[in-house]
Amino acid sequence: MAWTKEYLDLALVPSGLFIMSAYHVFLLYRCIKFPETTGIGYENHFRKAWVERMLQVEAKDRGLSLTTINSTISAATFLATISLGLSSLIGTWLADSSHNLFRNSLIYGNTSSSIVSVKYISLLICFLVAFGSFLQCVRNFVHASFLISMPNAEIPVSYAQKAVIRGSACWSIGLRAIYYATTLLLWIFGPIPMFAASVIMVVVLHILDRNVTPLHEFEPASSENLFTKINGELTAVANRVIEHQDRSDMNQTK
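Keep in mind that what you see is a predicted model, and the values were worked out from it rather than measured.

Novice: Looking at this model, I keep getting lost on the packing of helix H1 (residues 7-33) against helix H6 (residues 191-209). Mind explaining?
Specialist: Packed helices, taken two at a time, are described by the angle their axes make and the gap between the axes. Across the interface, H1 lies against H6 with an axial gap of 8 Å and an inter-helix angle of 10°. By the angle between their axes, H1 is roughly parallel relative to H6. Where H1 crosses over H6, the handedness of that crossing is left-handed.

Written out as structure tokens, the structure reads:
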């Protein structure tokens, strides 16, 4: 059987997807076993410390933390909107049975209608996964903002930390889905650009995902702020009592 260019899709596309999937499995292993060697673990380390320090501040003074969370929510909402819009656009293309746009002779690979449909469906799945991940990111960060801004309540630090870390994980999953969609988008122009993009993507992600900076060891949270708060409240009460007593004495003198 003679070799034809249609066989390139069967060889290069699964190879490119396997390279990207194998890299992300390796990254997941490093995040679980050696989180300090990854950029995700490095960022989560500082997120946990940030949440712990923010919860030591009084609820009325936590506006900075809520502003930070709201900026992340806005970014996730924007990316979710973009993913949904692209999914709708791809769905519209799928409804069009012609697909003549990417069936010219310049594409070196299989240009049959079935392969073109598989390309669009793969892109649609990636963008839908990204949309769902960014929605879950918004959900977790909204929950974290409720926990951080709750007044007159001793919320365990681990509750807020878990919400922030989960939101960050959903953010990362959404970005990874967009990375997959980028390589699959190049598959529309042939299997060779898709495979080359997969290899380049893995090399770039490996550089961005690794961490060589030692983690900063934060000092454990102390009760100094709590004692300061109690002392301030007692002082205020004492001052009010003294002021009230002075006024009473003045009235009796008159």
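Now that the structure has been shown, we can carry on.
Novice: Would you mind going over the nonpolar core with me for this structure?
Specialist: One broad rule of soluble globular proteins: the nonpolar side chains tend to lie buried together. By size, the foremost hydrophobic cluster in this structure holds 21 residues, and its most contacted members are Ile-90, Leu-123, Leu-184 and Trp-187. Going through the elements one at a time, H1, helix H4 (113-149), helix H5 (157-187) and H6 are the ones with two or more residues in this core. At seven residues, H4 tops the list of elements feeding residues into this core. Setting aside its immediate chain neighbours within four residues, Leu-184 contacts Leu-17, Ser-122, Leu-123, Cys-126 and Met-194. Val-51, Val-138, Phe-141 and Ala-163 belong to the second-largest nonpolar core, a separate cluster that totals 20 residues.

Novice: Sorry if this is basic, but what is going on with the layout of surface pockets here?
Specialist: Empty space among the atoms becomes apparent when a probe as large as a water molecule is rolled across them. Here the second largest pocket defines a volume of roughly 520 Å³. Looking at the second largest pocket, it is lined by 23 residues, and the ones nearest its centre are Leu-28, Cys-31, Ile-40, Ala-169 and Ser-172. For the lining of the second largest pocket, the elements supplying multiple residues, two or more each, are H1, helix H2 (39-54), H4 and H5. Counting residues per element, the lining of the second largest pocket draws most heavily on H5, which supplies eight residues. A per-class count over the lining of the second largest pocket returns 14 nonpolar, seven polar and two charged.

Analysis parameters
Within each chain, residues carry numbers counting from 1 in the order of the written sequence. Where local features are concerned, this predicted model is filtered to residues with pLDDT of at least 70; where side-chain atom pairs are given and counted, the filter is 80 or more; whole-chain, interface and lining totals use all residues. Side-chain calculation: all heavy atoms of the structure are included, whereas hydrogens and water are not. Axis definition: a line fitted to C-alpha atoms, limited for helices to the stretch in contact. Angles are taken between N-to-C directions and run from 0 to 180 degrees. The numbering of helices and of strands both runs from the N terminus, where a helix is a DSSP run of H or I of at least 4 residues and a strand a run of E of at least 2. The labels follow the angle: roughly parallel below 35 degrees, roughly antiparallel above 145, roughly perpendicular from 65 to 115, and oblique for the rest. The hand of a helix crossing depends on one turn: near helix anticlockwise from the far one by less than a right angle means left-handed, and clockwise means right-handed. Take the buried Ala, Val, Leu, Ile, Met, Phe, Trp, Tyr and Cys residues and link them wherever side-chain atoms come within 4.5 Å; each set so joined is a nonpolar core. Burial here depends on accessible area, computed with a 1.4 Å probe over protein chains only, as a share of the maximum for the residue type. Under 20% is buried, over 50% is exposed, and the range in between is partly exposed. Whether two residues touch is decided by their heavy atoms; if any such pair falls within 4.5 Å, the residues are in contact. Of the two site types, the cavity is a set of points on a 1 Å grid over the protein atoms alone where a 1.4 Å probe fits but cannot get out, and the pocket is an open set with protein on both sides within 12 Å along at least five of seven lines, each lined by residues with an atom within 4 Å of a point. Grid points are joined across faces, edges and corners, and a volume is the space filled by probe spheres set on the points. Three residue categories are used. Nonpolar comprises Ala, Val, Leu, Ile, Met, Phe, Trp, Tyr, Cys and Pro, charged comprises Asp, Glu, Lys and Arg, and polar comprises the others, including Gly.

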